[in-house]
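Reading the structure
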Amino acid sequence: MSLFISLTLNGEAREVSIDDPRVTLLDLLRERLALPGTKKGCDRGQCGACTVLVNGRRANACLMLAAGLDGAEITTIEGLARGEDLHPVQAAFIEHDGFQCGYCTPGQIMSAVGLIAEGDAGSDPERIREGMSGNICRCGAYHGITLAVQEASRRMAAKDEGGAA
Amino acid sequence: MSDTLSPEIRFGSNSGQPATRRDGLAKVTGVATFAADNTPEGLLHAVYAPAKIARGRVSHLDVAAAEAHPGVTHVITPQNRPELQGDPSGKPTMFSFRTEVLQDDTVRYAGQPIALVLGETLEAATEGARLLAPQYEVDPVRVALDDNTARGFDPGGFGLPGGASHGDVEAGHAVAARSIDVSYETAAQYHNAMETHAIVAQWDGDRLMLDMPSQALKVSCAGFAYFFGIPPENVTLRSPYIGGGFGSKAIPTGPQVLAILAARMTQRPVKLMFTRQQMFGPAGHRGATRQRLRLGVDENAALTVIDHEGLAETSTFDDFVEPAANASHDLYAAGALRASHRLVRLDVGTPGPMRAPGEASGSAALECAMDEMAEAAGMDPLEFRLHNYAETQPGTGRPYSSKALRECYAEGAARFGWEGRPLEPRQMRDADGLMTGWGMGTALFPCPMFAAEARATLRPDGTALFETSAVDMGQGAWTVLAQIAADSLGLTLDQVEFRAGHSALPDGGVAGGSAHTATAGGALHAAGGDVLRQLGELATADPQSPLYGAGNSSLVARHGWLLLEEDESRRERFADILARAGKTEMIGTGHGGRAPEAAGRHAMNSHGAVFAEVKVDPDLRQVRVTRLVGAFAAGRIINPRLTESQLMGGMIWGTSFALHEAARHDRRSGRIVNADFAGYHVPVNADVSGLEVITVHEDDPYVNALGIKGVGEIGIVGTVGAIGNAIWHATGKRVRHFPIRIADLLAP
Ligand code: FES
Ligand code: FES
């Protein structure tokens, strides 16, 4: 009993077959669609390692059943860079050493992209820390993460203004 | 490229540079492949069922129900488990623990694997494992550290630490003008790397391919080979990226052995990934401790004695005793010292090394006790530590290979603004009325070295390939070791290809003991040196070389040239030396390790001083660490950017130890009641602010050829005590256990 859903996955329209109603978005990506960049850290919404953007908002992929996502637009870490060009958040994570082992990093970066899009953290470190607190980093790279999000947020705001001018 | 040597590039120019991570691009784009990201064709998923009791036996498993579930292919239990060639009680390697691999139906701790279910999908295998609905015969459990059953043991290396003593301890107690006798407890903690333990196992005849995070590739290969009766070289282990290890990923676990067994049985690739809950079971933990500290000082506040007794838990079937009391060995100049350990056997999984094993728990107690002693002596805690500063190693009188601890104290205190701290507690409030306290702690971590090998291959175009099976679990080995490798040949970082994380490479040793950079780095440095030696021999013996007749010892390498140190106009390109000798490459090999004679002459440690500010809500008693300044002296710093990250990560672990982490057992069932990230707290971003790291310059000519000491673990040490002491300073409450929670401060 297979069910088909339509997704826009990293900008590409896809018909995806769901072989089992229990499949989460996370296991769909990792085990069935060869997109293992999104990580599993707890499988129950407690760590943020699986953060992706669903219709532009951050979501824990481990908490979403794939079958319920017909028509959704999903962005994963693999879909963030434009070819060779890193997303500003990705570049800032490298520059500010916003990771150590890198396992929480795809989730941190997607969460940061979502946070910046939500628009209410700005570059205020206290609000960034709060807004990024759904993503656990066991290595403790928080200092670099906060700096990276701050910088990316500033750069993206500057670019937006530049674009508008 | 011009032939002119660019003046800013000197030998060793990569070391000391804050290069960004070479694996950074792969990690921020999601293409870095962690073990469980591999999904080979024909894969089966394995899920193990964990015991829900802590002691007894499994009396029934509903195997039929599991097997009947669509997609489930196999159910492996003690009744039908295929034979293993190695005895699970055996210890084939230094990192082997006695393992549960379904050898019988007994349960020795909650979370122990009691069956393995294979399925075509993860969903099927997961449901199959649930359907087993185990029934048990339950025996009474022991999960509390109980002094009554404590006993001594014969020390025996890894897991059974020796103590230490010097001077006359009883006399030290007797002559003390003031003494304290305090007991501190630390909770059981679980490593919980973000990447849970995982494995993808594939057999090809009697050859085994493993994708698995490992802190010790070659040792792991031998550890697994043992169970399957194959030579270690038949095992290939790929571990290019490790999602955090912290000591838990050097030791093969039972479920991983079972996954390999399942792959052999089914002749299909098998993937097994621990759930987060399963990380509180067979993958080791930092055992709980109770530590008694008796300190004494004379009239002049000089320590007459440090008497540190550690009580630690281990499992009923294997030994790993947290060497907490050993944290007192090398730190303060006490007239007499005794450090000793006893163990208690509990119905828990076997503990193991967890980031700063011994030092973290031991320092937590020692640094708080030092604070209590300073208080009793009426002295500022920093002044008290300086007053008892060990100029040479206590007991042996050996000199330290280097010890810039005084500078750490001074620079840390200055940056923090320690001066003017009121001696008495409960003296400071901030503008919002929050109770504010300042505390400090000393950090020490030894500088062990293990053994590692490396190979350097100079290529005809003057670039080089360096290889060693080193591992990057976040410390930055991909970057830092490449920097050391490049320096060894005087090349720039982009002229070096570096391969690591694969067991077919020369043995990179163990990523542990904060020794990996020094050890594997030492091997790479020696391998590069071996290439230079051979190049020098060729050039100086060749009349056509500008270096002909020059002594080999005065040659240096820079930017792809070999040149004479005292006359730099005499030089030749690596590529030309190779070409004229008719060689297409030149291979050098190197070993990293410490010569036994060097080990005896000096005491070798990294040092540091950590200063903490906490703010406590006067009504709610919520504690926030608002500032944390750590100053560390750890020999040569290869990469300041990555070093800062390591030290900060360690200090956050210290915060976690002090305020957050504790596995809590249900006393009746023996199960851990908070076995996930909702219940087992680790710091999140909002818990961390005001973090500052200072690295104090230190040249150490003795510790190893590169002068590297290691920074992976020392950040925790000192931090725990500093926070505990700051809480006392804010509230006047001396809480003698970790973590310190709101309830501890609310109680009258
Ligand atoms: S894996 Fe989804 S929140 Fe942890
Ligand atoms: S970088 Fe390792 S968990 Fe965040």
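As the structure is a computational prediction, the values presented were derived from the model and not from experiment.

**Describing the overall build of chain A**
Along chain A, the regular secondary structure elements total 5 helices and 5 strands. Traced from its N-terminal end to its C-terminal end, chain A shows the element sequence β-β-α-β-β-β-α-α-α-α. Its C-alpha atoms give chain A a radius of gyration of 16 Å, near enough to 15 Å, the size a compact globule of 165 residues would have. Projecting the C-alpha coordinates of chain A onto the three principal axes gives extents of approximately 50 × 40 × 30 Å. Taking all 165 residues of chain A together, the buried fraction comes to 58%. Summarising the internal contacts of chain A: among those between residues at least 6 apart in sequence, 55% fall at separations of at least 24.

**Remarks on the sheet that holds strand E14 (residues 303-314) of chain B**
All names here are of chain B. Taken in spatial order, the 6 strands of this open sheet run E7-E15-E14-E13-E8-E28, and their pairing is mixed. Two strands bound the open sheet, and with one partner strand each, they are strand E7 (164-166) and strand E28 (737-738). As paired strands, strand E8 (residues 178-186) and strand E13 (residues 289-297) are joined by 9 bridges and run antiparallel to one another. When the bridges of E13 are listed, Ser179 appears paired with Gly296. In the packing of helix H7 (residues 359-377) onto the sheet, the strands contacted are E8, E13, E14 and E28, and the crossing angle to E8 comes to about 150°.

**So, the domain arrangement of chain B**
All names here are of chain B. Entries for chain B in the domain assignment read domain 1 (35-140 + 197-279), domain 2 (394-448 + 600-746) and domain 3 (450-593). With 14 residues of domain 2 at the contact, the number on the domain 3 side is 17 residues. Buried surface at the junction of domain 2 and domain 3, both sides included, amounts to about 1,100 Å², of which 64% is carbon and sulfur. Per-residue buried area on domain 2 facing domain 3 is highest for Pro448, Ile638 and Leu706; these three make up 42% of the total on that side. The interface formed by domain 2 and domain 3 contains 0 salt bridges.

**Description of the pattern of salt bridges**
Counted according to the given criterion, the structure contains 56 salt bridges over all chains. A salt bridge links Arg32(A) to Glu123(B), with the nearest nitrogen and oxygen atoms 2.8 Å apart. In this pair, Arg32(A) is assigned in helix H1 (residues 25-32) and Glu123(B) in helix H3 (residues 122-131), connecting two distinct chains. The partly exposed category is assigned to Arg32(A), whose relative accessible area is 25%.

**Describing the UniProt feature "domain: Aldehyde oxidase/xanthine dehydrogenase a/b hammerhead" (unreviewed entry) in chain B**
Feature annotation in UniProt assigns "domain: Aldehyde oxidase/xanthine dehydrogenase a/b hammerhead" (unreviewed entry) to the following positions: residues 29-140 of chain B. For residues 29-140 of chain B, helix accounts for 15% and strand for 27%, while the C-alpha atoms at its two ends are 51 Å apart.

**Focus on the nonpolar core**
Counting 229 residues, the largest nonpolar core has Phe93(A), Leu303(B) and Leu535(B) as its most contacted members. Contact partners of Leu535(B), with chain neighbours within four places excluded, come to Leu458(B), Leu562(B), Phe574(B), Ile577(B), Leu578(B) and Met586(B).

**Here we look at the packing of aromatic side chains**
Counted under the stated rule, the structure contains 18 aromatic pairs over all chains. With a centroid separation of 6.4 Å and 50° between ring planes, the pair formed by Tyr241(B) and Trp478(B) is classed as tilted. One end of the pair, Tyr241(B), is in the loop between strand E11 (235-238) and helix H6 (254-266); the other, Trp478(B), is in helix H10 (residues 477-488), with 237 residues separating them in the sequence. Under the relative-accessibility criterion, Tyr241(B) is labelled buried at 16%. Under the relative-accessibility criterion, Trp478(B) is labelled buried at 15%. A cation over a ring is seen here: Arg138(A) above Trp653(B), with NZ or CZ 4.1 Å from the ring centre.

**Re unusual backbone geometry**
Residues and elements named next belong to chain B. The residue after Phe738, namely Pro739, is reached through a cis peptide bond having omega 0°. Checked against the element boundaries, Pro739 lands in the loop between E28 and helix H16 (742-746). Backbone geometry places Gln267, a non-glycine residue, at a positive phi of 55°. Tracing the sequence through the fold places Gln267 in the loop between H6 and strand E12 (270-273). Owing to a relative accessible area of 56%, Gln267 belongs among the exposed residues under this scheme. Although it is not a glycine, Ser514 sits at a positive phi angle of roughly 55°. Note that Ser514 resides in the loop between strand E20 (496-499) and helix H11 (516-540).

Cut-off values and rules
Position labels on residues start from 1 in each chain and follow its written sequence. Chains and ligands are labelled sequentially in the order written, the chains with letters from A and the ligands with numbers from 1. For a predicted model such as this one, the threshold for reporting local features is a pLDDT of at least 70, and the threshold for listing and counting side-chain atom pairs is 80 or more; totals across whole chains, interfaces and linings nevertheless cover every residue. Derived side-chain values reflect all non-hydrogen atoms in the structure, with water molecules and hydrogen atoms excluded from consideration. The helix and strand labels rest on DSSP assignments: H or I over at least four residues marks a helix, E over at least two residues marks a strand, and numbering proceeds from the N terminus. C-alpha atoms define the radius of gyration, and 2.2 Å times the number of residues to the power 0.38 defines the globule rule. The buried label applies to any residue whose accessible area, calculated with a 1.4 Å probe on protein chains only, is under 20% of its type's maximum; exposed applies above 50%, and partly exposed to all values in between. Note on definitions: a residue-residue contact is assigned when non-hydrogen atoms from the two residues lie within 4.5 Å. Pairing between two strands is assigned when DSSP locates at least 2 bridges connecting them. Inter-axis angles, ranging from 0 to 180 degrees, are taken between N-to-C directions of lines fitted to C-alpha atoms, where helices are fitted over the stretch in contact. Start and end points for every domain follow an automatic or database-based domain assignment. What gets called buried area is simply the loss in accessible area from a 1.4 Å probe that two parts show on being joined, summed for both. Salt bridge criterion: a side-chain nitrogen from Lys or Arg within 4 Å of a carboxyl oxygen from Asp or Glu. UniProt positions are given in the numbering used here, feature names are shortened, and annotations may be inferred rather than shown by experiment. Among buried residues, the Ala, Val, Leu, Ile, Met, Phe, Trp, Tyr and Cys ones that are joined through side-chain atoms within 4.5 Å form a nonpolar core. The rule is short: rings of Phe, Tyr and Trp, with Trp giving its six-membered ring, pair when the centres are within 6.5 Å, and they are stacked under 30 degrees, edge-to-face over 60, tilted in between. We call a charge positioned above a ring when the Lys NZ or Arg CZ atom is no farther than 6 Å from the ring centre and deviates by at most 35 degrees from the ring normal.

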